[in-house]
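A closer look at the structure
What follows is the residue order along each chain.
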Amino acid sequence: MTGRVLLVAVAGNPNVGKTSLFNVLTGSRHQVGNYSGVTVERREGDLARRFAGTADDGPVRLVDLPGIYSLSPISEDETVALEALVGRPGAGAEAPTDPRPDPRPDPRPDVVLLVVDASNLARNLYLALQVLELGLPLVVALNMVDVARRAGLPVDPATLRAELGVPVISTVARTGEGAAEVVAAVREAAAATVAPVLVEPGPGDDALRQVLAAAEREGLAAGPARSLVVARAADDDGEGPAATAGPALGGLPAATVRQAAEQLVTARYRRVEEILEAVGHRARVRDEAPAMGPSQRIDRVLTHRVWGLVAFVSVMAFIFVSIFSWAEPLMGLIEDAFGALSAGVSEALGPGLLTALLTDGVIAGVGNVVVFVPQIALLFLFLGLLEDSGYLARAAFLLDRMMARLGLHGRAFIPLLSGYACAIPAILGTRTISSTKDRLVTILMIPFMSCSARLPIYTLVIGALFVTDDPWISEGVDQGLVLLGMYLLSTASALAMGFVYKRTICKSPTPPLVLELPPYRLPRLRDTLLVVFDRVKDFLKGAATVIMACTVVLWALLSFPAERTGAGQGGAVQVGESYGGRAAQALEPALEPFGQDWRVGVGIIGSFAAREVLVSTLGLVYGMEAADDDPTALGEALRDQEDPATGKPQHTPLSGLALMVFFVYACMCMSTLAVVRRETGGWKWPVFMFVSMTGIAYVMALLVYQGGRALGLG
Ligand SMILES: Nc1nc2c(ncn2[C@@H]2O[C@H](COP(=O)(O)OP(=O)(O)OP(=O)(O)O)[C@@H](O)[C@H]2O)c(=O)[nH]1
Ligand SMILES: [Mg+2]
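Here we look at the state of the cysteines
Here a disulfide denotes a covalent bond joining the sulfur atom of one cysteine to the sulfur atom of another. Enumeration over the complete set of coordinates arrives at zero disulfides. Cys 667 takes part in no disulfide bond, and the closest cysteine sulfur, belonging to Cys 669, lies 7.1 Å away.

A look at the nonpolar core
In this structure, Phe 320, Phe 413, Ile 604 and Phe 662 are the most contacted members of the largest nonpolar core, which totals 116 residues. Beyond its immediate chain neighbours, meaning those up to four positions away, Phe 413 contacts Phe 312, Leu 392, Ala 395, Ala 396, Leu 399 and Met 403. Listed in part, the 53 residues of the second largest apolar core include Leu 85, Leu 127, Leu 132 and Leu 138.

A look at the site of ligand 1
Not every one of the 25 residues close to ligand 1 is listed here, only the nearest: Lys 18, Thr 19, Ser 20, Val 38 and Thr 39. One of the backbone N or O atoms of Gly 67 is found 3.5 Å from an oxygen atom in ligand 1. When ligand 1 is considered free in solution it has 650 Å² of accessible area, and contact with the protein chains removes 98% of it. Only helix 1 (18-26) and helix 5 (145-150) provide two or more residues apiece to the shell around ligand 1. Ranked by residue count, the leading element in the shell around ligand 1 is helix 1, at three residues.

Concerning the packing of aromatic side chains
If you walk through the whole model with that rule in mind, you get 14 aromatic pairs. Judged by centre distance (5.8 Å) and plane angle (85°), the ring pair of Phe 318 and Trp 326 falls under edge-to-face. Taking the relative accessible area as the measure of exposure, Phe 318 reaches 45% and is therefore partly exposed. Between the NZ or CZ atom of Arg 394 and the centre of the ring of Tyr 520, over which it lies, the distance is 3.9 Å. Lying over the aromatic face of Trp 683, Arg 677 brings its terminal NZ or CZ to 5.3 Å of the ring centre.

Re a nonpolar patch on the surface
Together, Leu 353, Val 553, Leu 557, Phe 560 and Tyr 579 line one region of the surface with nonpolar side chains, adding up to about 470 Å² of accessible area. By the element assignment, Phe 560 lies in the loop between helix 23 (525-559) and strand 7 (564-565).

Things to note about unusual backbone geometry
Its identity is not glycine, yet Asn 15 carries a phi of approximately 60°, on the positive side. Relative to the elements of secondary structure, Asn 15 occurs in the loop between strand 1 (6-12) and helix 1. If you check the backbone angles, Met 144 has positive phi at about 60° while not being a glycine. Within the element layout of this structure, Met 144 appears in the loop between strand 5 (138-143) and helix 5.

Comments concerning the environment of Glu 577
Topologically, Glu 577 is positioned in the loop between strand 8 (572-573) and helix 24 (579-586). By relative accessible area, Glu 577 is classed as partly exposed at 39%. Considered as a pair, Glu 577 and Pro 561 are 16 residues apart in the sequence and their alpha carbons are 7.5 Å apart.

Points about the environment of Gln 650
Note on placement: Gln 650 falls in the loop between helix 28 (634-640) and helix 29 (653-665). Here Gln 650 falls in the buried class, since its relative accessible area comes to 15%. For Gln 650 and Gly 595, which are 55 residues apart along the polypeptide, the C-alpha to C-alpha distance reads 8.3 Å. Ignoring sequence-local partners within four residues, the contact set of Gln 650 consists of Gly 595, Gln 596, Asp 597, Gln 641, Glu 642, Asp 643 and Ser 655.

Points about the coordination of the magnesium ion (ligand 2)
Coordination of the magnesium ion (ligand 2) by the protein is provided by Thr 19 (OG1) and Thr 39 (OG1), with metal-donor distances spanning 1.9 to 2.0 Å. Taken together, the residues span a long stretch of sequence, with Thr 19 in helix 1 and Thr 39 in the loop between helix 1 and strand 2 (43-46) at a distance of 20 residues.

Considerations on the pattern of salt bridges
Using the criterion set out here, one finds 18 salt bridges in the structure. Linking Asp 110 and Arg 4 is a salt bridge whose minimum nitrogen-to-oxygen distance equals 3.1 Å. Here Asp 110, found in the loop between helix 3 (91-94) and strand 4 (111-117), pairs with Arg 4, found in the segment before strand 1; they are 106 residues apart in sequence, far enough to count as distant. Two residues, Arg 268 and Glu 133, come together in a salt bridge whose shortest N-O distance is 2.8 Å. Highlighted residues: Arg 268 in helix 11 (residues 254-279) and Glu 133 in helix 4 (residues 121-133), separated in sequence by 135 residues. This pair shows no difference in class: Arg 268 is buried, exactly as Glu 133 is. Overlapping salt bridges bring together Arg 42, Glu 44, Asp 46 and Arg 61 as one network.

Comments concerning the sheet that holds strand 2
Strand order in the open sheet formed by six strands is 2-3-1-4-5-6, with mixed pairing between adjacent strands. A strand with exactly one partner marks an edge of an open sheet, and here the two such strands are strand 2 and strand 6 (168-170). When strand polarity is set aside, the average angle formed by the axes of neighbouring strands in this sheet is 25°. Bridging between strand 1 and strand 4 involves five bridges; their strand directions are parallel. Each bridged residue has a counterpart across the sheet, and for Val 8 the counterpart in strand 4 is Val 111. In the packing of helix 4 onto the sheet, the strands contacted are strand 1, strand 4 and strand 5, and the crossing angle to strand 4 comes to about 165°.

Description of the pairing of strand 3 (residues 60-64)
Within a regular beta strand, the side chains point alternately toward one face of the sheet and then the other, so they alternate between its two faces. Counting buried positions over the five residues of strand 3 gives four, a clear majority of the element. Where strand 1 and strand 3 come together, five bridges link them in parallel fashion. Looking across to strand 3, one finds that Leu 7 is bridged to Arg 61. Note: strand 2 against strand 3, four bridges, orientation antiparallel. Bridge assignment links Arg 43 to a residue of strand 3, and that residue is Asp 64.

Calculation criteria
- Residues numbered from 1 in each chain as written.
- Chains lettered and ligands numbered in written order.
- Predicted model: local features only at pLDDT ≥ 70, side-chain atom pairs only at ≥ 80, totals over all residues.
- Heavy atoms only, no water.
- Disulfide = S-S within 2.5 Å.
- Core = buried A, V, L, I, M, F, W, Y, C linked by side-chain atoms within 4.5 Å.
- Buried < 20%, exposed > 50% of the residue type's maximum accessible area, 1.4 Å probe, protein only.
- Contact = heavy atoms within 4.5 Å.
- Near = heavy atom within 4 Å.
- Polar contact = N/O pair within 3.5 Å; in protein donor to acceptor, adjacent residues only side chain to side chain.
- Areas by Shrake-Rupley, 256 points an atom, 1.4 Å probe, with all protein chains shown as cover.
- Helix = DSSP H or I, 4+ residues; strand = E, 2+ residues; numbered from the N terminus.
- Phe/Tyr/Trp six-rings, centres within 6.5 Å; stacked < 30°, edge-to-face > 60°.
- Lys NZ or Arg CZ within 6 Å of the ring centre and 35° of its normal.
- Patch = residues over 30% accessible without salt bridge, like charges linked within 9 Å, V, L, I, M, F, W, Y side chains within 5 Å.
- Salt bridge = Lys/Arg side-chain N within 4 Å of Asp/Glu carboxyl O.
- Donors = N, O, S within 2.8 Å, 3.2 Å for Na, K, Ca; no water.
- Pairing = 2+ DSSP bridges.
- Axes fitted to C-alpha atoms, helices over the stretch in contact; angles between N-to-C directions.

Here it is, written out as structure tokens:
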């Protein structure tokens, strides 16, 4: 075995702890969450050093897969999982006749590590039987034994091993219990030869016997190909691939194949019952009426038509208000730190072009964005805790009725909500939606959800222009509510767009929601903090690269031709006279109708590279224009700016609102467009998305500003 990499596929039902186990074994930290469909693509990782053993043991590579209920995939993520086990669709049925040496681009795994939820054995065993039919070396990780133990339904791994005929190891993936034994069993299994194990046909299952015999005659007797032909035929109800499998099975009539299919499914369920009986679960379940557990009691409230909705809105309001008020002190500290750094640099270098570039450009640009790290960290922390507790699935269930009334799929809820964090993983998350049209609608809706990159923009505008003097409202609360309003607007708009798309370009019936409610679990703070840490790292990497580059380029455009006035280290720059300033002024006629001047225009242009660039760019423009070298906070500069014509404030709550509304709708994220292109397989939808969203953004901002003016506001 030495030298060759042992490929191990980690498969199993959704939400059973596959990724948790994969993370333990490989030392990685991919996202886990307490709902089905967290993992939607295959991810590889090498065995962590502490499990690697001696040099003779040879390298092991693991592949983490999306969860599947059976080997007949109905959605994109399930297809990914199946292909990792058996190759591309159809390859199984065509393999015997396919002239190509290996029509499968995915290498078949050497060992399947099937993760089974010990606290949910009945459902998990069906898949186990199907995987046995594949005839691949198999090791079962009996996970969540801690939960099963607590629930009073422990499973004896030895009994299960005797029933399935493959190694069974008890594990607790959360703590890493049993991981070393899993590795040992996997290595051992790789060396063994195995044959596909099919369930015994029952006494009356003649059709099934006929199909099996035909498969044997066709030379499909050995290896996984044969079981796959039968399995495909069985699970497809004689439709689709099964119809093509028919002729391959010695010309048996389709009716026989269909009948065999039903018989095989029934035979599997019979076998599941037998195993449950052997493990001792059936008897116990029969004896004790299942008591109402704490999960069910909580659910009575949280999925209640009225109380559930009240709870959901309260949770959301709490999150947005605390993002505002809790982050405040930390943001102040960061602001001060960058101010001190800037002052230190100008002190050390003295006045000059380089100093101006460093202080006005690099430090101010990056600093204006880094300031938002506390808020972004809080947002990810809250969303992570919601995900890991199991609440998200409840919220999806709760809002499914509402979604259905709009004609939308309940499964779309979790991707939509995770769009609050970032559209990219959210768009990948739509792979769990089986209907192509429903999936497309969801993909088109997601960029309307306000992602974390919009947060700095909302915060800046709200912080600068929505200040209350009312002593009864503590500062932060009302601003938090304005922020909540922006999120509500974006959510309502996403839903409205979904409603429209569903009735126009993506007409299709909506299938009912099939969603498992996972048991509530205490979120693991460590896991959530790791995710927060990774996200903040990504955000900072963005700040250090894209934002810095944009800032430097814009700084150059705004600095030349250089005309400086006044005293101070470099004096104020006549930004308006620069190349960049003049170009932006040419755009002013388009900006004025929604209450913005050319300075904001520079920011809007910059933000097509990345939304946060708006903030760093505004910081740059105002920083360069400031006559003294004591940098005032960007918010203050915005508030103090006067309209040269009227002498009134240039930025009012109304113009701020119009600007925020523009950013609610504008599609300004190249990465999102790239992902949409990949997931929809072409340029059509990303182009549609960009054009329509930008158009809507402009019109909505215009309506808000002009409407507000007409009503006498601002
Ligand atoms: N109590 C307990 N919880 C576990 C165990 N293993 C995983 N979990 C939790 O179960 C939930 C699901 O874990 P994941 O690793 O994301 O499950 P998955 O099988 O990868 O899920 P999908 O990718 O959605 O198919 C998380 O909340 C984990 O913390 C375990 O052994 N015991
Ligand atoms: Mg997973």
